[in-house]
Amino acid sequence: MALVVSVARRIGNPGARWVSTNQGQTTGEDYNQDPYDDQEAYREDHIDDERSQDVKQRILQASLQFVPQHGWTQAAISAGAESEGLPAIAHGMFSQGGVELVFYFYESCNDQLSRELDLEVQNLQEKIKIKPFIRKAVETRLRMNSPYIEKWPQAMGLLALPQNTPRALKNLGHLVDDMWYHAGDRSTDINWYTKRASLAAVYKSTEFYMVQDKSEDFENTWMFLDRRLGDLSSFGKCMRTVQENGGLGVENMKGLFIVAKNILGLSPKYR
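Residues numbered from 1 in each chain as written. Predicted model: local features only at pLDDT ≥ 70, side-chain atom pairs only at ≥ 80, totals over all residues. Heavy atoms only, no water.

Peer 1: Explain the overall build of the protein here, please?
Peer 2: On a plain count of helices and strands, the protein comes out with ten helices and three strands. Reading the helices (α) and strands (β) of the protein from amino to carboxyl end gives β-β-β-α-α-α-α-α-α-α-α-α-α. Evaluated residue by residue, the protein yields a buried proportion of 37% over its 271 residues. For the protein, restricting intrachain contacts to residue pairs at least 6 apart in sequence, the fraction spanning at least 24 positions comes to 63%. Taken as a whole, the protein presents about 15,900 Å² of accessible surface, with 53% of it coming from carbon and sulfur. (Helix = DSSP H or I, 4+ residues; strand = E, 2+ residues; numbered from the N terminus. Buried < 20%, exposed > 50% of the residue type's maximum accessible area, 1.4 Å probe, protein only. Contact = heavy atoms within 4.5 Å. Areas by Shrake-Rupley, 256 points an atom, 1.4 Å probe, with all protein chains shown as cover.)

See the structure below:
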C-alpha cells in the first residue's frame, strides 16, 4: 500500500528533509522553507497552544480546592479536571505531577502580592517606611499559604527535590526582589545582593516556623518574623561597617552574594 510520508530532519542540516514518495522510493530534497511559513497553519497551532494553556490554568485553579483532601498530587489535579467537566485523565497534561500545582499556586500568589504592593505604593501619601512595609509584605505572602497549611510541608518537600529546586529558587528570588523593589530599593552595589539574600533567608525560616505553629492566627509566627527582621537590621549595620572599612572583606562578601544571586536566578536587570 502506497504511503506518503514527509518527515523534517532538523539535525545537522535544518534545510533538508527526507520524502518518502508514493512509489515507495525515498529521496532527499532541499527544503529551505520554514514549516511555519504557512501562516494559516501557524495561527491554528498558536490558537491550539493558547487553548491548551487556558485549559491547564482552569484545571490547576480548580484543583486547589481539593488540596486539603488529596494534597499536592495528581489526584487533586484529576478532581480539579472533573470539576471543570473534563475527564480525569486530563491530569496527563501535567507530566511533572503534583509539583506543577505547587508552582501554579506559588507563582499565582507572588503575582497577587506584586499587584497588591503596587497598589499600596500608588496610594501612599507619605514616604515608605521600609521595615514595616517589608514586614507586612512577608506576612501577607505567608498568609496566602494558610488555607493549605496542613499540606504545605508536602509542597515544601516537592520544591526541595533536585529537579524542582532551580525553579523554586527563582520564584523565591523574584518574590523577595518584588518586596524590595516596591519598598523603593534601587541599589546597584553589594547592597542589592545582601538585601535580597538576607530577606530570602528570613522568608524561608519564617515559612518553616509557620508550618509547625499551632498558636491562634499564627501569632507565634509573626513574633518569630519580627525577631528575624531584627536580626536582618543588625546584619545590615554590620555590612555597612564592612563597606566603610573597605578592603578584601567587601570583595569576599560581594563574591558570596553574587553566587547567591545566581542560585536564586536573579539579576539587577530583572526590572
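Peer 1: Hey, could you run me through the packing of helix α4 (residues 99-123) against helix α7 (residues 165-182) in this one?
Peer 2: Relative orientation and spacing of two packed helices are given, respectively, by the angle between their axes and the distance between those axes. Here α4 crosses α7 at 5°, and the two axes come no closer than 10 Å. Compared by their axis directions, α4 and α7 come out roughly parallel. Every residue of α7 that contacts α4 at F103, Y106, E107, N110, L113, S114, L117, D118 and V121 is listed here: R167, A168, N171, L172, L175, D178, M179 and H182. Its residues placed into classes, the contact of α4 with α7 shows nine nonpolar, four polar and four charged. (Axes fitted to C-alpha atoms, helices over the stretch in contact; angles between N-to-C directions. Parallel < 35°, antiparallel > 145°, perpendicular 65-115°, else oblique. Nonpolar A, V, L, I, M, F, W, Y, C, P; charged D, E, K, R; others polar.)

Peer 1: Would you take a moment to explain the packing of aromatic side chains for this structure?
Peer 2: Within a pair of aromatic rings, the relevant descriptors are the distance that separates the centres and the angle that separates the planes. Enumeration according to the criterion identifies eight aromatic pairs in this entry. Directly above the ring of Y106 sits R141, whose terminal nitrogen or CZ lies 4.7 Å from the centroid. (Phe/Tyr/Trp six-rings, centres within 6.5 Å; stacked < 30°, edge-to-face > 60°. Lys NZ or Arg CZ within 6 Å of the ring centre and 35° of its normal.)

Peer 1: Before we go on, may I ask you to explain the environment of D217 in this structure?
Peer 2: Residue placement: D217 occurs in the loop between α8 (190-210) and α9 (219-245). Relative accessible area serves as the criterion here: at 48%, D217 is assigned to the partly exposed category. Placed 71 residues apart in sequence, D217 and S146 show a C-alpha to C-alpha distance of 9.4 Å. Sequence-distant contacts of D217, defined by excluding residues within four places in its chain, comprise R143 and W222.

Peer 1: Whenever I open this one, the packing of helix α5 (residues 130-143) against α8 confuses me. Can you help?
Peer 2: Between α5 and α8, whose axes approach to 11 Å, the crossing angle comes to 40°. Put simply, α5 runs oblique to α8. Handedness of the crossing formed by α5 with α8: right-handed. Here I134, V138, R141, L142 and R143 of α5 lie close against α8, whose contacting residues are L199, Y203, T206, E207 and M210. (Left-handed = near helix turned anticlockwise from the far one by under 90°.)

Peer 1: Please explain the nonpolar core as it appears in this structure.
Peer 2: Proteins that are soluble and globular tend to have nonpolar side chains buried together. W72, W152 and M179 are the most contacted members of the largest nonpolar core, which has 54 residues in total. Among the secondary structure elements, those contributing two or more residues to this core are α1 (39-63), α3 (74-83), α4, α5, α6 (152-159), α7, α8 and α9. Residue contributions to this core peak at ten residues, all from α4. If we ignore the near neighbours within four places in the chain, the residues touching W72 are L64, V67, G98, L101, V102, F105, Y148, K151, W152, Q154, A155 and L158. (Core = buried A, V, L, I, M, F, W, Y, C linked by side-chain atoms within 4.5 Å.)

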